[in-house]
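So the chains spell out like this:
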Amino acid sequence: MVIKNFPSNERIVERAAEIAASVLAPQAEETDREARWPAHSFAALADAGLMGLMVPRDCGGLGGGFEQLARVTETLAYACSSSAICYAMHCVGSKVIASKATDYQRDAFLVPIVEGRHITTLALSEPGTGVHFYLPQATFRPSADNGSFLIAGTKSFVTNGGYADSLVISAVAEGREFDPGTFSCLAVDGKSEALQWAPPWDGFGMRGNSSRTVEMRDYEVPASALLGAEGDETWYLFEIVAPYFLVAMAATYSGVMRAAVDVAVEHLGGRRYAHTRKSVGAEPVITHRLGDIHIKSESARQFVFHAARAADAGDPGARAAILSSKALVADQAVAVTNEVMTLIGGKGYGANHRASRLLRDARASHVMAPTTDLLKTWLGRTLLDMPML
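Read on for a plain summary of the structure. What you see is a predicted model; the values in this text were computed from it and never measured. (Residues numbered from 1 in each chain as written. Predicted model: local features only at pLDDT ≥ 70, side-chain atom pairs only at ≥ 80, totals over all residues. Heavy atoms only, no water.)

1. Let's talk about the overall build of the protein
Consideration 1: A tally of regular secondary structure across the protein gives 10 helices and eight strands.
Consideration 2: Taken over C-alpha atoms, the radius of gyration comes to 21 Å for the protein, in line with the 21 Å a tight globule of 389 residues would show.
Consideration 3: Projected onto its principal axes, the C-alpha positions of the protein cover 80 × 45 × 40 Å.
Consideration 4: Out of the 389 residues in the protein, the part that is buried amounts to 56%.
Consideration 5: If you sum the accessible surface of the protein, you get close to 15,900 Å²; carbon and sulfur atoms cover 53% of it.
Consideration 6: Across the protein, 36 positive and 42 negative side-chain charges occur, with their mean positions spaced 9 Å apart. (Helix = DSSP H or I, 4+ residues; strand = E, 2+ residues; numbered from the N terminus. Rg over C-alpha atoms; globule rule 2.2 N^0.38 Å. Buried < 20%, exposed > 50% of the residue type's maximum accessible area, 1.4 Å probe, protein only. Areas by Shrake-Rupley, 256 points an atom, 1.4 Å probe, with all protein chains shown as cover. Lys, Arg positive; Asp, Glu negative; His and termini not counted. Charge placed at Lys NZ, Arg CZ, Asp CG, Glu CD.)

2. A word on the environment of Ala-320
Consideration 1: The topology assignment puts Ala-320 in helix α8 (residues 318-344).
Consideration 2: A relative accessible area of 17% means that Ala-320 is categorised as buried.
Consideration 3: On a C-alpha basis, the gap between Ala-320 and Lys-376 in space is 9.8 Å, while along the polypeptide they are 56 residues apart.
Consideration 4: What Ala-320 contacts, discounting residues up to four positions off in sequence, is Leu-379, Thr-382 and Leu-383. (Contact = heavy atoms within 4.5 Å.)

3. A word on the pairing of strand β5 (residues 184-189)
The two faces of the sheet receive side chains in turn, since in a regular strand these alternate between them.
Consideration 1: Of all six residues in β5, five are buried; the element is thus mostly enclosed.
Consideration 2: With six bridges joining them, strand β4 (residues 166-173) and β5 adopt antiparallel strand pairing. The partner of Ser-166 across the bridge, within β5, is Asp-189.
Consideration 3: Where β5 and strand β8 (residues 226-227) come together, two bridges link them in antiparallel fashion. Each residue of the ladder has a partner; that of Cys-185, found in β8, is Leu-227. (Pairing = 2+ DSSP bridges.)

4. Section: empty space enclosed by the protein
Consideration 1: Tallying each qualifying case throughout the model produces two cavities of 30 Å³ or more.
Consideration 2: Size it by volume and the largest cavity reaches roughly 90 Å³.
Consideration 3: Contributing to the lining of the largest cavity are 13 residues, with Ala-28, Cys-80, Ser-81, Arg-357 and Asp-361 lying nearest its centre.
Consideration 4: Contributing elements (two or more residues each) for the lining of the largest cavity: α1 (9-33), α3 (66-79), α4 (81-99) and α9 (354-367).
Consideration 5: The element contributing the most residues to the lining of the largest cavity is α9, with four residues. (1 Å grid on protein atoms, 1.4 Å probe; cavity = no way out; pocket = protein on both sides within 12 Å on 5 of 7 lines; lining within 4 Å. Points joined across faces, edges and corners; volume = space filled by probe spheres on them.)

5. Here's the deal with α9
Consideration 1: Burial within α9 is extensive, with 10 of its 14 residues counted as buried.
Consideration 2: Those residues of α9 not exposed but buried are Ala-355, Ser-356, Arg-357, Leu-358, Arg-360, Asp-361, Ala-362, Ala-364, Ser-365 and His-366.

6. Some points on the side chain of Ser-365
Consideration 1: Relative to the helices and strands, Ser-365 is located in helix α9.
Consideration 2: On the basis of relative accessibility, which here comes to 0%, the residue Ser-365 falls in the buried class.
Consideration 3: Here the side chain of Ser-365 touches Ala-362 through a polar contact of 2.6 Å, landing on its backbone oxygen. (Polar contact = N/O pair within 3.5 Å; in protein donor to acceptor, adjacent residues only side chain to side chain.)

7. Section: the packing of α1 against α3
Consideration 1: Where α1 meets α3, the axes come as close as 7 Å, and the angle between the chain directions of the two elements is 20°. Put simply, α1 runs roughly parallel to α3. The way α1 lies across α3 gives a crossing that is right-handed. Together, Asn-9, Ile-12, Val-13, Ala-16, Ala-17, Ala-20, Leu-24, Ala-25 and Ala-28 of α1 and Gln-68, Arg-71, Val-72, Thr-75, Leu-76 and Ala-79 of α3 make up the contact between the two elements.
Consideration 2: Per-class residue counts for the contact of α1 with α3 are 11 nonpolar, three polar and one charged. (Axes fitted to C-alpha atoms, helices over the stretch in contact; angles between N-to-C directions. Parallel < 35°, antiparallel > 145°, perpendicular 65-115°, else oblique. Left-handed = near helix turned anticlockwise from the far one by under 90°. Nonpolar A, V, L, I, M, F, W, Y, C, P; charged D, E, K, R; others polar.)

8. So, the packing of α3 against α4
Consideration 1: Remark: α3 packs on α4, axes separated minimally by 6 Å, with the N-to-C direction vectors making an angle of 155°. As summarised for this structure, α3 and α4 are arranged roughly antiparallel, according to the angle between their axes. Contact residues: Leu-69, Val-72, Thr-73, Leu-76, Ala-77 and Ala-79 in α3; Ser-81, Ala-84, Tyr-87, Ala-88 and Cys-91 in α4.
Consideration 2: By residue class, the composition of the contact of α3 with α4 is nine nonpolar, two polar and no charged.

9. Points about the state of the cysteines
Consideration 1: Counting across every chain of the model gives zero disulfides.
Consideration 2: Here Cys-91 is not disulfide-linked; the sulfur of Cys-86 is the nearest cysteine sulfur, at 11 Å.
Consideration 3: For the unlinked cysteine Cys-185, the closest cysteine sulfur is that of Cys-91, found at 17 Å.
Consideration 4: The exposure class of Cys-185 is buried, given its relative accessible area of 2%. (Disulfide = S-S within 2.5 Å.)

10. Some remarks on the packing of aromatic side chains
Consideration 1: On inspection of all chains with the given rule, the structure shows 10 aromatic pairs.
Consideration 2: Centre to centre, the rings of Phe-140 and Phe-149 are 5.2 Å apart; their planes meet at 85°, and the pair counts as edge-to-face.
Consideration 3: Ring-pair connections join several aromatic residues into one group, and the members of that group are Trp-37, Phe-42 and Tyr-163.
Consideration 4: Here Lys-100 stacks its cationic end above the ring of Trp-235, 4.3 Å away from the centre of that ring. (Phe/Tyr/Trp six-rings, centres within 6.5 Å; stacked < 30°, edge-to-face > 60°. Lys NZ or Arg CZ within 6 Å of the ring centre and 35° of its normal.)

Below, the structure written as structure tokens:
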């Protein structure tokens, strides 16, 4: 769907909430249980005109900023964690492509994205460098025949793997694999037969995100696949990839955490002791602990929105706020979902209970690169006005 009359920010979030309630939530348990990529979610988001959230308006997109990205992904994650993280990766990939798009890239990627015909995703992590996703070992070199590039290497944990129409990958010129600040970004065909995909994802949490490993063996791509200029790593990493990715992930796990608190509220408010007929939630220790997790959840959630607004406004403190938001949410999401399991008791340990599902999903917040420890290190260096790398 191409947007002609641009909806307000509030209406965009309302649309996301309608889809979350009517499409994502009813299938969230099945998506997790079967580790099924959420095609139904993308179909609904495309029908609602939300696939181009981060595509500029002059390309027909919604021209969303940090706060829109945060509010939409948080809303979706409340209903289905896997759907939210898949959509978030698409949104960040869209923003990377759009940031320095050529006319060819506009027509090949951005217009189909806006029309709901194209899904993109990030392919940055590698098995050899782990959390140091900014040091890719995948290489590219010019082809001797026709001016195209040949890409060789392996990417791991590619969300939407095997389903995305394009991949935004990072690669470095041959011979410069250990030279920080020199990698380039390329947008390539995600359905090419030249890509060797590992078996489907069967994870502990975020089970529907199709997070897969892909191998490229002299994968030939046109020179037009290059995003920006060769060696544009520093700009893409710190101006586009990291800030938008961190806001999207912080908002996603905030939605997971908010959902967990509401699961606890519903359980505690509806359960009564047989011998007294009193609500379990009326116990002072229970109400105290419930209040505590609400404070943790809501304060982290509002901090994410604060960081997003600061980034939209160009606030000098935005980088520190964004780094803080993802680290804060990760810490709190794991703590809150774990406490919810305790408050619910044995019920939460039933087969695929929503509380246990949310706990598994929240746990991924610490290990997705950049990890919480790395974020806190970057934050400290930022506060001391030191280079992050």
